[in-house]
Amino acid sequence: MYHLRSSASFAAENVNPPFFSPPCAQDDKVVAFRDINPSAFRHYLVIPIDHIPTVNSLHKTKDDHQLVSHMVKVGKDLLNQDAPNSEEHRFGFHQPPFNSVDHLHLHCLALPFMPSWRQVKYTPLGPLGGFIEAEKLLERIKPEAEVYS
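For the structure given in this document, a descriptive report is provided here. (Residues numbered from 1 in each chain as written. Predicted model: local features only at pLDDT ≥ 70, side-chain atom pairs only at ≥ 80, totals over all residues. Heavy atoms only, no water.)

## Some details on the overall build of the chain
This is how the line gets drawn: Helix and strand assignments come from DSSP, with helices taken as H or I runs of at least 4 residues and strands as E runs of at least 2, each series counted from the N terminus. Contacts are residue-level and defined by heavy atoms, with any inter-residue pair within 4.5 Å sufficient. The Shrake-Rupley method, run with a 1.4 Å probe, gives the accessible areas here. Residue values count only the displayed protein chains as cover.
A tally of helices and strands in the chain yields 3 helices and 6 strands. Along its sequence from the N terminus, the chain presents helices and strands in the succession α-β-β-β-α-β-β-β-α. Counting contacts in the chain only where the partners sit at least 6 residues apart, residues at least 24 apart contribute 61% of the total. Of the roughly 8700 Å² of accessible surface on the chain, 55% is carried by carbon and sulfur atoms.

## Focus on the sheet that holds strand E2 (residues 30-34)
Here is the rule we go by: DSSP bridges decide pairing: two strands pair if at least two such bridges lie between them. Think of each axis as a best-fit line through the C-alpha atoms, taken over the contacting stretch in the case of a helix, with angles from 0 to 180 degrees between the N-to-C directions.
Strand order in the open sheet formed by 6 strands is E1-E2-E3-E5-E4-E6, and the pairing between neighbours is antiparallel. If you trace the sheet from one side to the other, it starts and ends with strand E1 (23-26) and strand E6 (131-133), each paired once. Looking at each pair of strands side by side, their axes are set apart by 30 degrees on average, direction ignored. Examined bridge by bridge, E2 and strand E3 (residues 40-48) share 5 bridges and lie antiparallel to one another. Of the residues in E3, the one forming a bridge with Phe 33 is Leu 45. Across the sheet, helix H2 (residues 62-82) lies against E1, E2, E3, strand E4 (88-94) and strand E5 (106-113), angled at about 150 degrees from E3, the strand it touches most.

## Some words on the environment of Val 31
The cut-off we apply is this: Only protein chains enter the accessibility calculation, which uses a 1.4 Å probe; a residue is then buried when its area is under 20% of its type maximum, exposed when over 50%, and partly exposed in between.
With respect to the secondary-structure elements, Val 31 resides in strand E2. What makes Val 31 buried here is its relative accessible area of 0%. A sequence separation of 16 residues divides Val 31 from Ile 47, and the C-alpha atoms of the two residues are 5.6 Å apart.

## A few points about the packing of aromatic side chains
Stated precisely, the cut-off is as follows: Only the six-membered ring of Trp is used, alongside the rings of Phe and Tyr, when aromatic pairs are assigned; centres must lie within 6.5 Å, and planes under 30 degrees apart are stacked while those over 60 apart are edge-to-face, with the rest tilted. Over a ring means this: the NZ of a Lys or the CZ of an Arg is within 6 Å of the ring centre and within 35 degrees of the ring normal.
A complete count under the given rule lists 2 aromatic pairs for this structure. By way of ring pairs, the aromatic residues Phe 113, Tyr 122 and Phe 131 are connected into one cluster. A cation sits over an aromatic face here: Arg 42 above Phe 41, 4.4 Å from the ring centre. One Lys or Arg, Lys 76, reaches over the ring of Phe 91 and ends 5.9 Å from the middle of that ring.

## A word on the pairing of E4
Where burial is concerned, most of E4 is hidden: 5 out of the 7 residues are buried. The sheet contact formed by E4 and E5 spans 5 bridges and is antiparallel. Its bridge partner being in E5, Glu 88 is matched across the sheet by Leu 111. One ladder, built from 3 bridges, connects E4 with E6; its direction is antiparallel. If you follow Phe 93 over to E6, its bridge partner there is Ile 132.

## Quick word on H2
Owing to its 3.6 residues per turn, the α-helix brings residues three or four apart onto one side. Note the threshold: To estimate how far a helix should extend, the number of its residues minus one is multiplied by 1.5 Å.
For H2, with 21 residues, the first-to-last C-alpha span of 30 Å sits near the 30 Å given by 1.5 Å per residue. Regarding H2, the residues found buried are Asp 64, Leu 67, Val 68, His 70, Met 71, Val 72, Val 74, Gly 75, Leu 78 and Leu 79. Packed against the buried residues of H2 are E1, E2, E3, E4, E5 and helix H3 (134-140).

Geometry only, nothing functional implied.
As structure tokens, this is what we get:
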């Protein structure tokens, strides 16, 4: 279970505080905070504590799948608590070369986009990459079922 955390802890230990708002949830796997430049009515970022550069660094392993699933759960819990009446919740990641930071982070968005043109940043671009929704990433990294003979 994650818990609320003061801004002095994770931010002081791991990130440059001027670029992040105070953490609002953390556990032994992830930390979550509001985006300082929100693109939607509510916009949280959930990042793994262990450094993972991008979605391309994730593999079809149980650990990676569980981590991304956990990141989504934390994001859903935050938005359900903070923006339960939002018209839509969206969860996903930017893919290289469209990622702005080389540390995996899940965007958790309670729509509408504000301003509306920002939705362009959160649109999948097919084979070009762009934004990948969390459920699509989970499908891509789902471990193959073990076959027992």
